[in-house]
Every structure is written in C-alpha cells, then in structure tokens.
Amino acid sequence: MKFTLSWLKKHLETAATLDEIAAALTDLGLEVEEVTDPAARLGAFRICKVIEAVSHPNADKLRLCRVATWPDGPGGRMEEVQVVCGAPNARTGLVGVFAPVGTHIPGTGVDLRPGVIRGVESNGMLCSERELMLSDDHEGIIELPEDAELGARFIDWKGLNDPMIHIKITPNRPDALGVRGIARDLAARGLGRLKPQDIEPVKGAFPCPIGVTIDPALKERGCPLFAGRLIRGVRNGPSPEWLQRLLLETGHRPISALVDITNFLTFDQNRPLHVFDADRVRGGLRIHPATGGEALEALDEKTYVFQPGMMVISDDAGPESIAGVMGGAATGVTAETVNVFLESAYWDPITIAATGRALKIHSDARYRFERGVDPEFTLPGLELATRMILKICGGEASEVVQDGAVPRSDRAYRFDPERVARLVGMEIPEAEQRRTLEALGFTFTGEMAHPPSWRPDILGEADLVEEVARIASLTRLQGKPLGRAAPGVPRPILTARQRRERAARRMLAALGYNECVTYSFIDARSAATFGGGGEATRIENPISSEMTHMRPDLLPGLLQAAARNQARGFMDLALFEVGPVFSGGEPGEEALQAAGLLVGASAPRDPHGSRRPVDLYDVKADAEAVLSAIGAPQRVQITRKAADWFHPGRSGVMALGPNALATFGELHPRLLRQMEVKGPVMAFTIALEAVPYPRTRTTTRPALAISDLQPVERDFAFVVDREVEALTLVNAARGADKALIENVEVFDQFAGEKAEAQMGAGKKSLAITVRLQPRDKTLTDEEIEAVSARIVEKVTKATGGELRR
C-alpha cells in the first residue's frame, strides 16, 4: 500500500514529522517497507537568477555565468557565484535551478566539487531536468517564470516535496488498504486528529433507466447488495493535475478522469467501484452465477472463460463484467463516453478469491474484496464517487437503484479491562483503553464492545486486548521474571525422551555434522522406497504433490538436502537430523530417530595428506558415539541384516538381541540414482527409543572402578577361513573369561594371494590383542597361560581356525 504524506494529511490533521509517522506505522503493525522523500534527493536545489552570461574566454561552446543565489532561502543574504555552463539557453536574466558545491546530482550520481574548466573557476551547477531526474530532457537548463520566488527550494515551488510511504499490509487488516484507515490508526495513537468525513447524498434528478437485479441464489452469500446510478452528460477527459500526481507518485498510471476517480477511491477509502459506459449497456444489469462456458474480454484485453458458479454481471446481450474482479472491455469507458452507470456492491470475499484464483487475475478490486471491505460503506462510497464525478466531469445524476441490503456485521464482545494485564502484561487504565477503542471506531453498550463494520478481523475478546496493546505500543512492555510456583530449586521438567534427544543432537553437532530440519512429509515414491508409502500414512490434503505421505525414515529428507547442496557445488557434506518418523497414522505409530549422512571427503584439502574419502567405518564410529551419549551398552551385536536401501555388503546393524539400535553403512547405488545424489554416500540411523532406559534414576555418575594392579596384554594370530568375520573372533576371545578380559581388539589382517600361498587357499590371518585386568591380585604365569589356552580354545571352536605358528 503506497500513499503520499499530503494524501495522508487529507484525512489526518497532524504536526508529526515524516520520521515520527513512519516509526509509528511500523509500531502499529503497518510495517514500513520504503520511504521516498524528495527533500532528501532534491532539497538542496534552489531557484536562482543569472545576473550575466558571457562567452567563455577559452571555449566557444561554454558560457561564463554570474549567478545570484540565496543559500538561506527567500529574503536572506544573496551570494554571487561563478558557474561555467555549456547549455545553449544560458543567458543573462534567466531564472533557473542552482546546485551549490557539495550537492549530489541524482541524474549523474556525481557530488559537485569546485572545479576549473578551461582555466576558469566554476562553483556549482545550473541544472537540466535530466540532472534532477524529472525527465530525459538535457538540451538546456531549466527555465522558470520570472515571477518564481528567488531563493526558494525548487521542490517546494514545483510542488514535488511530497514524500511517499510504502507499507506492508497483513491479510487481517483490510481497513488499512485505504488511506483513511491508516489515518485512523495514527489518530488513535495520538499523532493527530482524524478529520470528519460527512458524505451528503446526491439527490437524483431523474429515474435511473438501468435496473439491477441479484439472482436469489447469490443474495445469501455471493452478493448481498448491488447499487448504482446513471450519470449523464459527463466529460471524460484527463483527470486534474493533483489527482494524476497522487496516482503517479504511488505507482499508478492515470487513464482518464472517470477511471482515475474510481481508482482514487479504491486507495483512499478501500472502496472499489466500477463505471460502465451506459450507452453500451443493453437493458438492465443482472448479477448471477455463470452456467459455465461463457466468455468475456476484460479490461486487460484478455479473454476469460467462466466456470460454473462464478459470479457474473450481465446485461441483455451477455456477460459484461467479472463481478468484484475486473470489468469488461465492451462496456468500458472511453474518451467519447458521455453517459456512465456507476456501480458499488458488496461481494463475498471467499467467492471473489476463488474466482480470481481460478482465472489467475490479480487486480486491486480483487485484492480488497477478497480480504473484506466495509459493507456499510457501499452506499456512502457510491455517493462520494458521484460527487467527485459531478465536480470533475460534470453531468447530472439519476436516482440510486439497488437490489439487496447491507449485510449485518454487528457483533459484540465483553470488554474486560483487567484482561490486558493478564494477556499482555501492560498496566493501562480502563479510561485509556476505552478511548483507544472508541478512536478506532468501536462503540460500547455497558460492558459490551461493538467492533466497527470495517474491522472483520475482530472476532473475540482477545482481539480487543490486541487492539489496546497495539495502539498503546508494545514497546512499553517491561521484562519481568516469572514467579516460581514453589520456592527453592525447581525440579527438572525434561522427560527422559527429551534428554536423550538433546544428548543425541549435541553429540552429532560435536562430531562436526550440520543439522537439517526437513518436512515430515515426503513424496509417495520416496516413502515407498524406505518402507512406507501406504494408505495409513497418506496425507488427506497435501500442500503439494511432493509431500503426500508421512516419512517412514529421516534419510529421504537428508538425501534431498544433499542433492540440493551438490547442485550448488558443495560436495563434502556432513548432515544430520533428529525427528519423528511414522509407521502409521495412529497415536503410538511414531518413533524418534536420529540420522546422519556423510558425502565426499573426510577433511578439507591440506598439505599433510589427511584428506580421504569417507567410508562405512566413519559412520559406524559416529553411530557408536551417539549410542554411548544416550546411554547404550558398550557391547552390542553387529549383524548384516540391514534394510534394502543400504549396500548389502557394506552395511551393518547394531542390536541388543532382537532389538535393533542402529543401522550404518553405505547407501545402495540404486537409491542414489533415484534421489539424484552423487555417491558414494555413508549413512546411519539410530532408533533413540530402542535403547533401554536405566532402571534407576540418579543425578550422579557411578563410582569409577579402577584397578591398581598391572594389566597384562597378550597377542594372538589365528588362521581362519576367508569368510570368517573379525567380530566373531573378537566375541569368542572375549567370552573366554568375561571377568578378567577387559578388552579385545584386532590389530592386523593378513589376506590375499601371499597369505593364501603361505596358509592355504581360502585362508587369512587375523591378529588380536587381549588385555587382562586383574582386580584382587597380580596374575601368575600359570594363570595367564590358562586364560590364553581358553582363548585359543574358544576361538578355535567358534571359527574353525587354528593358532598361527
């Protein structure tokens, strides 16, 4: 919504500055997008007079001018400056526009400095219209009438000193789509007085020959009221200069007097109107739903085909206007128009929005009607437009014809002054609250407050509180600590699930992953790929075709994020997300999951050779770190029964018996092609709620169990079949003496052709180190040998291998 300061002052009597008004508008919720102040751009240019203009001694095309200026304004001291000018019309006695040294010239982007041109000093500039960005004319400098006030600011003399304010309007404030509504808010804030607006009805001189009727099917909802009158004998020439300037300064093109008047009232009063060329209307006007298939060429010179149920204004010849959206070209006014039918109606916002959206028409009328205009201003708006047309275009008005009645919008809500303090935390006296609401147009009947007809957004008692707080300014709020429900240190309020989620998120961030927050909805194909996509998780009313199902896993969202990043040149990625996944649509069919994704290299390029491609052991280590952070047991089983979207030979599942805790590994290349991700990609998923919660709650850590006895380490090398997994060997060795063996690790693997040449076909060697930690006494050689023997026995039995000699 754009308006000028002078336009605002037609409704608001105020002495507030432009900065004060702009600050108040933003504080009131009408956010200022832009303020264009001509004074900031052209305020330094003043009217001057050339005392003498002679030829430049060193240049034939230049003139040396003695210029009289008044830097302090009219009636102040006069200064004479010397200016070198190249304009052909520079002459003695010329009254023009002068820019002193230091002025920024908007047309050229240059800051004026004292200069020497062809050996002669020049201090300032005599300006052309292009240099002031008034037009493209630069053939000569500006020439003003001899009676122009010398020393005055050029923008004041020319009437250009009218700042333009552009504000953003939220959908719930249709009243602010008119300048008068904006002025009302500012007056309620205390920045001036709202000027009264008395609209005297125009008495009709003759009966209107054009009748209006509303189809009974539309009177209830679509069009409760339609009114109009004939104005004959008008002159539809250019609109007055003041009206053209207002429209131009707010970004609208003047068309003709009749059209400009309706546009002016659209922005001035938030009252869209339409004028028909009455001589082109056949019979009366009828408002009815379209049957479907009717076509109309609109004022934008495009042809639209109506769908069944769309509201249409028709005469005896057929459709003439898209009701509440745009008029038709056949009955549009032209320079030859002499008789017009002026229409004012109230249209249902939902119907207008549906029609405009279906026909893809964006017009000022649709923009306002779909948000809600003042129904009670339908007839006063018609009278106001009639007076403007008679004043500017002349003519004679008929009596008003109408069908329907003003829809009832009266409602009341209990006014509770104490509720402002409870909801907002501001102490505002009751008398001030009542004054605020009355200034906004509310009326009172005892404790009941009645919203005005132009405020459809007021729908409850809380809205009354919001209006009081908005006008009082939320900047008056003072921060106060909340009172405690009970004295002392409050009890923890986070649940075990929330604490676990926080721990996982912090650990993943500490590992160098970047958190993603993706939608819980994904497309059907991705959902089916990850084990979902059924009817139970389908969204009833999806916001797009790419968000039709609840996600069964976090990986689809992370893969889509990776694809977007790769498309923008980011190839090394570490992404994670913690959030819910869904196996169905009922309560309880939701689980909390953490997922991570690694793509590219493990480190940036450096001279030390630390950069390498990420592998499955990176995500395995990260998954183990997260499991440790959320309290999972240190020893878990690892199996190969990973989901189908993981690579079958490069993935694993960490589990406690049948309870799967995490899955890790490389994602299947087929999946990466489907998701358009360049691989390989390593990933893990962790079922955060699958980890058993501790049986007892304690705020302290258990005592550190440490032995002061010397540990013993023994190394073993076993020859096993090539298919034997290292984990099988490690678990077998650890089971030899669970109390004494503290740790078992693989430190070497010898496999391949050389190994098979020494140990036999299909064989390999795995070397482990076993750490024995005594608790009560130092181990003897015999005890160490006994444990070693049990280790060899267990491994041999579990793997079928033998100790390497």
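Quick summary incoming for the structure in this document.

1. Considering the pairing of strand 38 (residues 681–687)
Of all 7 residues in strand 38, 6 are buried, a share of seventy percent or more. Strand direction decides the pairing type here: strand 34 (residues 590–599) and strand 38, joined by 7 bridges, are antiparallel. Bridge pairing in strand 38 links Ala-595 to Thr-685. In this structure, strand 37 (residues 659–667) lies alongside strand 38, joined through 5 bridges in antiparallel fashion. The partner of Glu-666 across the bridge, within strand 38, is Met-682.

2. A closer look at the nonpolar core
Burial of nonpolar side chains together is a common tendency in soluble globular proteins. By size, the foremost hydrophobic cluster in this structure holds 71 residues, and its most contacted members are Phe-3, Leu-8, Leu-25, Ile-167, Ile-182 and Leu-186. Per element, the largest residue contribution to this core is 7 residues, and it comes from helix 8 (residues 257–269). If sequence neighbours within four positions are ignored, Phe-3 has contacts with Leu-8, Leu-25, Pro-163, Met-164, Ile-165, Ile-167, Val-179, Ile-182 and Thr-250. Ile-210, Leu-218, Trp-347 and Phe-369 belong to the second largest nonpolar core, which has 37 residues in total.

3. Considerations on helix 2 (residues 18–27)
For helix 2, the set of buried residues is Leu-18, Ile-21, Ala-22, Ala-24 and Leu-25. The arc that holds every buried residue of helix 2, seen down its axis, measures 165 degrees, which confines them to one face. In this structure, the buried side of helix 2 is in contact with strand 1 (2–4), helix 1 (5–9), strand 3 (32–36), strand 13 (164–167) and helix 5 (179–189). Gly-29 sits one or two positions beyond helix 2 and adopts a positive phi of about 100 degrees.

4. Quick notes on the layout of surface pockets
Here the largest pocket defines a volume of roughly 1300 Å³. If you trace the largest pocket, you find 39 residues lining it, with Lys-620, Glu-624, Ile-638, Ala-726 and Leu-727 closest to the centre. Of all elements in the fold, only helix 18 (616–629), strand 35 (637–639), strand 36 (646–656), helix 20 (726–734), strand 40 (741–750) and strand 41 (763–772) reach the threshold of two or more residues within the lining of the largest pocket. By residue number, the principal contributor to the lining of the largest pocket is helix 18, which donates 6 residues. Of the residues that constitute the lining of the largest pocket, the class distribution is 16 nonpolar, 11 polar and 12 charged.

5. Comments concerning the packing of aromatic side chains
Two aromatic rings are characterised by how far apart their centres lie and by the angle between their planes. Under the counting rule described, the total for this entry stands at 9 aromatic pairs. For the pair Phe-415 and Phe-444, a centre-to-centre distance of 5.4 Å together with 70 degrees between the ring planes defines the contact as edge-to-face. One end of the pair, Phe-415, is in the loop between strand 27 (413–414) and helix 12 (419–423); the other, Phe-444, is in strand 28 (residues 443–445), with 29 residues separating them in the sequence. Across the pair, Phe-444 and Phe-415 agree in class, each one buried. Cation over ring: Arg-184 sits above Trp-454, and NZ or CZ is 4.1 Å from the ring centre. The ring centre of Tyr-367 lies 3.8 Å from the NZ or CZ of Arg-371, which sits over that ring.

6. A look at the side chain of Gln-593
Looking at where Gln-593 falls in the secondary structure, it is placed in strand 34. The class of Gln-593 is buried, set by a relative accessible area of 11%. Here the side chain of Gln-593 touches Leu-554 through a polar contact of 3.0 Å, landing on its backbone nitrogen. Among all residues touching Gln-593, those that are not within four sequence positions of it are Asp-553, Leu-554, Glu-577, Val-578, Gly-579, Val-581, Thr-685, Ile-686 and Leu-688.

7. Description of the packing of helix 2 against helix 5
Here helix 2 crosses helix 5 at 95 degrees, and the two axes come no closer than 10 Å. Our classification of the angle between helix 2 and helix 5 gives roughly perpendicular. On helix 5, the residues touching Ile-21, Ala-24, Leu-25 and Asp-27 of helix 2 are Ile-182, Leu-186 and Arg-189. Here the residues of the contact of helix 2 with helix 5 are counted per class, giving 5 nonpolar, no polar and 2 charged.

8. Here we look at the environment of Gln-566
Within the secondary structure layout, Gln-566 lies in helix 17 (residues 555–567). The sequence separation of Gln-566 and Val-599 amounts to 33 residues, and the corresponding C-alpha distance is 9.7 Å. Ignoring any residue separated from it by four or fewer positions in sequence, one finds Gln-566 in contact with Met-571, Leu-573, Val-599, Val-677 and Lys-678. Here the side chain of Gln-566 touches Lys-678 through a polar contact of 2.9 Å, landing on its backbone nitrogen.

9. Observations concerning unusual backbone geometry
Note on backbone geometry: most residues besides glycine have negative phi, and most peptide bonds are trans. Pro-680 follows Gly-679 through a cis peptide bond whose omega is 0 degrees. Along the chain, Pro-680 falls in the loop between helix 19 (669–675) and strand 38. We note that Arg-118 has phi near 55 degrees; this positive angle belongs to a residue other than glycine. Note on placement: Arg-118 falls in the loop between strand 10 (115–117) and strand 11 (120–122). On the basis of relative accessible area, Arg-118 is assigned to the exposed category, the value being 53%. With a phi angle near 60 degrees, Met-133 is a residue other than glycine that sits in the positive phi range. Secondary-structure assignment places Met-133 in the loop between strand 12 (125–126) and helix 4 (154–158).

Analysis parameters
- Along each chain, residues carry numbers from 1 onward, in the same order as the chain's sequence is written.
- For a predicted model such as this one, the threshold for reporting local features is a pLDDT of at least 70, and the threshold for listing and counting side-chain atom pairs is 80 or more; totals across whole chains, interfaces and linings nevertheless cover every residue.
- No hydrogens and no water enter the side-chain calculation; it runs on all heavy atoms of the structure.
- Exposure classes here rest on a 1.4 Å probe applied to the protein chains alone. A residue is buried below 20% of its type maximum, exposed above 50%, and partly exposed in between.
- Helix and strand definitions follow DSSP, with helices as H or I runs of at least four residues and strands as E runs of at least two, each counted in order from the N terminus.
- When DSSP finds two or more bridges between a pair of strands, those strands are recorded as paired.
- In this text, buried Ala, Val, Leu, Ile, Met, Phe, Trp, Tyr and Cys residues form a nonpolar core when linked through side-chain atoms within 4.5 Å.
- Contact criterion: two residues are considered in contact whenever any of their non-hydrogen atoms come within 4.5 Å of each other.
- Note that the arc is defined by the directions from the helix axis to the C-beta atoms.
- The pocket and cavity definitions rest on a 1 Å grid over protein atoms only: a 1.4 Å probe that fits but cannot leave marks a cavity, an open set with protein on both sides within 12 Å along at least five of seven lines marks a pocket, and residues lining either have an atom within 4 Å of a point.
- Grid points are joined across faces, edges and corners, and a volume is the space filled by probe spheres set on the points.
- Each residue is assigned to one of three groups, with Ala, Val, Leu, Ile, Met, Phe, Trp, Tyr, Cys and Pro labelled nonpolar, Asp, Glu, Lys and Arg labelled charged, and all others, Gly among them, labelled polar.
- Ring pairs are drawn from Phe, Tyr and Trp, using the six-membered ring of Trp, whenever the two centres fall within 6.5 Å, and their geometry is named by plane angle: stacked under 30 degrees, edge-to-face over 60, tilted for the rest.
- Ring-over charges, as used throughout, are those where CZ of Arg or NZ of Lys falls within 6 Å of the ring centre and within 35 degrees of the ring normal.
- A 3.5 Å cut-off defines polar contacts: any pair of N or O atoms within that distance qualifies, except that in protein one atom must be a possible hydrogen donor and the other a possible acceptor, and neighbouring residues in sequence count only when both atoms are side-chain atoms.
- In this description, a line fitted to the C-alpha atoms serves as the axis of each element, helices being fitted only across the stretch in contact, and the angle between N-to-C directions of two axes falls anywhere from 0 to 180 degrees.
- These descriptions rest on fixed angle ranges, namely under 35 degrees for roughly parallel, over 145 for roughly antiparallel, 65 to 115 for roughly perpendicular, and the rest for oblique.

It is worth stressing that arrangement in space is one thing and function is another; only the former is reported here.
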